[in-house]
Amino acid sequence: MLLHVNAFHLDIDSKGKTWWHKLAPRTRLLCTILLVFAIALTPNGRWWTWAIYAMGVMSVVLISRINLPVLLKRIAVEFAFIAAVLLGTLFRSGGEVVASLGPLKITTEGLMVLGSVTTKALLSLIMLNLLTLTTSIPALLNALVALRTPRLLVATLASMYRYISVLIGEFNAMRRAAASRNFTGNGSWKRQVLGNMMGSLFIRTYERGDRIYQAMLARGYQGIPPAFDVPPGGRRDIIALTLTLILTLLGQVIYLFKR
């Protein structure tokens, strides 16, 4: 996971010249939020709706010309953490029993819920990673400010992004120090040493965070990040938002005609 976090060059494709990149950052953020909310709030079992949303998501992936290996790698890492939660939905009661594993029973209802939640998670992860890969972090933070996000929340996100590399650097320094002292072994002794390392890491980062905060106060920090100029939206942005809204509504309306 630390290796994935160290890929906090999140915006490796932010210098592109595609139609998606030419949208204002807040437009990209709004399109992503609209689509993710539509995907997540769709009731279970509406496969045609998700098929429509999947076509929209794949269209943005193709238009943005994103680095597919990086996108897939990040989705695989993130999906591994939610896989255990997803598997829990497989044993949901209801419907016909398909298979039995002792007291656990796989039902048609469980399979439907598992497929639905997996589809929601996969499409949402693709869209969110697409946003972070194609939008620089300062531009994304400025977009949040422009959309009236609480300044304190934006400041917290900015500090977290900026200093996560410091945390990783401290951890790597401690790991190298342990390796130089022939830190081998196993069992409870190794777990005890690792626990002490994590405790020391917390104290170090807490002290450094306090020093940084005091330095920021000395330079006039007032608890909110400064607002920078945000690119104004144009005709292209209006078209993108309109198409996203039409796509989200189309995915929901299609089931009205199936009744």
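Cut-offs used in this document
Residues numbered from 1 in each chain as written. Predicted model: local features only at pLDDT ≥ 70, side-chain atom pairs only at ≥ 80, totals over all residues. Heavy atoms only, no water. Core = buried A, V, L, I, M, F, W, Y, C linked by side-chain atoms within 4.5 Å. Buried < 20%, exposed > 50% of the residue type's maximum accessible area, 1.4 Å probe, protein only. Helix = DSSP H or I, 4+ residues; strand = E, 2+ residues; numbered from the N terminus. Contact = heavy atoms within 4.5 Å. Phe/Tyr/Trp six-rings, centres within 6.5 Å; stacked < 30°, edge-to-face > 60°. Patch = residues over 30% accessible without salt bridge, like charges linked within 9 Å, V, L, I, M, F, W, Y side chains within 5 Å. Areas by Shrake-Rupley, 256 points an atom, 1.4 Å probe, with all protein chains shown as cover. Salt bridge = Lys/Arg side-chain N within 4 Å of Asp/Glu carboxyl O. Lys, Arg positive; Asp, Glu negative; His and termini not counted. Charge placed at Lys NZ, Arg CZ, Asp CG, Glu CD.

### Some remarks on the nonpolar core
Core analysis: the largest hydrophobic core is formed by 23 residues, its most contacted members being Leu35, Ile39, Tyr53, Val57, Ile66, Met127 and Leu130. Elements with a contribution of two residues or more to this core: helix H2 (25-41), helix H3 (47-64), helix H4 (68-88), helix H5 (108-134) and helix H9 (235-253). Beyond its immediate sequence surroundings of up to four residues, Val57 is in contact with Leu35, Ile39, Ile126 and Met127. Leu131, Ile137, Val145 and Val154 belong to the second-largest nonpolar core, a separate cluster that totals 9 residues.

### Considerations on unusual backbone geometry
Trans peptide bonds make up most of the peptide bonds, and negative phi angles are found at most residues other than glycine. The phi angle at Arg65 is positive, at roughly 55°, despite the residue not being glycine. For Arg65, the location among the structural elements is in the loop between H3 and H4. Judged by its relative accessible area of 71%, Arg65 falls in the exposed class.

### What to know about the packing of aromatic side chains
The geometry of two aromatic rings is summed up by the distance between their centres and the angle between their planes. Applying the stated criterion across every chain yields a total of 1 aromatic pair. An angle of 65° between the planes, with centres 5.4 Å apart, marks the rings of Trp47 and Trp50 as edge-to-face. Separated by 3 residues within a single helix, Trp47 and Trp50 lie in helix H3, roughly one turn from each other. Take Trp47: its relative accessible area is 40%, and that puts it in the partly exposed class. Assessed through its relative accessible area of 2%, Trp50 is described here as buried.

### Side note on a positive patch on the surface
Side chains of Lys15, Lys17, Lys22 and Arg236 sit close together on the surface and give a patch of like positive charge. The topology assignment puts Lys17 in the loop between helix H1 (2-6) and H2.

### Focus: the environment of Ile126
For Ile126, the position within the fold is in helix H5. Sequence separation between Ile126 and Ala54 is 72 residues, and the spatial gap between their C-alpha atoms is 9.8 Å. Beyond its immediate sequence surroundings of up to four residues, Ile126 is in contact with Val57, Met58, Val61, Leu71 and Ile75.

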